Amino acid sequence: MEKPRVVLNVFSSVDGRITTAPNRDVAEWTAAGIGGGAHEATHRLYDELDCDGLISGSESLIVWGNNSVELEEPIYEPEKSNAYIVFDGRGRMNWYQTEGLLVVTKEDLSGEYIQQLEEKGIAYITAGTRDHIDLPLALHKLHELGYRRLGLTGGGTINGAFLRQGLIDEVSIVFAPLAIGGRTTPSIFDAEDLKDWKGATELELKTMKPVGEGSVWLHYEVKK
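Now for a look at the structure at hand. Predicted, not measured: the structure shown is a model, and the values here were computed from it. (Residues numbered from 1 in each chain as written. Predicted model: local features only at pLDDT ≥ 70, side-chain atom pairs only at ≥ 80, totals over all residues. Heavy atoms only, no water.)

Things to note about the nonpolar core
Link 1 in the chain: Counting residues in each nonpolar core, the largest one holds 32 residues, and the members touching the most others are Ile-55, Ile-85, Phe-87, Leu-142, Phe-162 and Ile-168.
Link 2 in the chain: Elements with a minimum of two residues in this core: β1 (5-12), β3 (84-87), β4 (101-105), α5 (135-144), β6 (149-152), α6 (156-164), β7 (170-175) and β9 (215-222).
Link 3 in the chain: Among the elements that take part in this core, α5 stands out by supplying four residues, more than any other.
Link 4 in the chain: When residues no more than four places from it in sequence are discounted, the contact partners of Phe-87 are Ile-55, Ser-56, Gly-57, Ser-58, Val-104, Ile-133, Leu-135, Ala-138, Leu-142, Ile-158 and Phe-162.
Link 5 in the chain: The next biggest cluster of nonpolar side chains, apart from the first, holds 16 residues, and it includes Val-7, Phe-11, Ala-38 and Ala-41. (Core = buried A, V, L, I, M, F, W, Y, C linked by side-chain atoms within 4.5 Å. Buried < 20%, exposed > 50% of the residue type's maximum accessible area, 1.4 Å probe, protein only. Helix = DSSP H or I, 4+ residues; strand = E, 2+ residues; numbered from the N terminus. Contact = heavy atoms within 4.5 Å.)

Some points on the pattern of salt bridges
Link 1 in the chain: Counted according to the given criterion, the structure contains 12 salt bridges.
Link 2 in the chain: Arg-24 is the salt-bridge partner of Glu-28, the closest N and O atoms lying 2.8 Å from each other.
Link 3 in the chain: The buried category is assigned to Glu-28, whose relative accessible area is 17%.
Link 4 in the chain: Here Glu-48 makes a salt bridge to Lys-209, at a shortest N to O gap of 3.9 Å. Taken together, the positions of Glu-48 in helix α2 (residues 38-48) and Lys-209 in strand β8 (residues 203-211) put the pair 161 residues apart, joining distant regions of the chain.
Link 5 in the chain: For Glu-48, a relative accessible area of 47% puts it in the partly exposed group.
Link 6 in the chain: Given the relative accessible area of 35%, Lys-209 is considered partly exposed. (Salt bridge = Lys/Arg side-chain N within 4 Å of Asp/Glu carboxyl O.)

What about the sheet that holds β8?
Link 1 in the chain: Ordered by their spatial adjacency, nine strands build an open sheet running β5-β4-β3-β2-β6-β1-β7-β9-β8, and the pairing between neighbours is mixed. The open sheet is flanked by β5 (123-126) and β8, the only strands paired with a single partner. Within this sheet the neighbouring strands show an average axis-to-axis angle of 20 degrees, counted without direction.
Link 2 in the chain: Pairing of β4 with β5 involves four bridges; the strand directions are parallel. When the bridges of β5 are listed, Val-103 appears paired with Tyr-124. (Pairing = 2+ DSSP bridges. Axes fitted to C-alpha atoms, helices over the stretch in contact; angles between N-to-C directions.)

Things to note about the pairing of β3
The side chains of a regular strand alternate, first on one face of the sheet and then on the other.
Link 1 in the chain: Bridging between strand β2 (residues 53-57) and β3 involves four bridges; their strand directions are parallel. Considered in β3, the bridge of Leu-54 is made with Tyr-84.
Link 2 in the chain: Between the parallel pair β2 and β3, the chain is carried across by helix α3 (residues 58-66), and the sense of this crossover is right-handed.
Link 3 in the chain: Here four bridges tie β3 to β4, and the two strands are oriented parallel to one another. Paired with Ile-85 across the bridge in β4 is Leu-102. (Right-handed = clockwise from strand over helix to strand, strands pointing away.)

As for the pairing of β9
Link 1 in the chain: Extensive coverage of β9 is indicated by the burial of six of its eight residues.
Link 2 in the chain: As defined by bridge partners, β7 adjoins β9 across six bridges and the pair is classed as antiparallel. Bridged to Val-171 within β9 is Tyr-220.
Link 3 in the chain: Inspection of the sheet shows β8 paired to β9 by eight bridges, in the antiparallel sense. Along β9, the bridge assignment pairs Val-211 with Ser-215.
Link 4 in the chain: Linking β8 to β9, which pair antiparallel, is a turn of three residues; within it Gly-212 sits at a positive phi near 60 degrees.

Here you go:
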């Protein structure tokens, strides 16, 4: 099945943590002035990487909604992206902001959730049944809708699912000048443990340069 190229594009601490602790909005780094400009730089990279849509998991939206951080200046909004694509396999979101939204959910989800999408005029596609969204099928349907380069924005669970299924084509990470640590703090890829080194995803470095204020951008091609 044809699919768009998937470009993971995120920012993190130097030890790969994407928040300060569980259930925290990473925008607090920006608000506190300690993020090294990584947040802004990452959002600008979506355009440099030619992403025509951005993918997120519903868990991230729930965390941000419950723990939002106000910023004095808004973060740059990518201009080349045509949709904000949210994978919501459990139908947990009660949508208020619907402009530019495209929801991906399961085929056997409750009729009430589908009714909500239709009543609010939210575009959606369905892929897979039972426990999880069928990610390859969802990407194929997004390709049929015309998407060719999708920016995967996290959080760690959806990033990990894409990684384990071999669906990521490029990895773009902006490392902020921070070390966070933690035993349960969300990371770039939260996935099941590997059984051995053969399951590791090999990367080829394409670009490395300083960005923001003390942050570093690394751009890799995934070896297939």
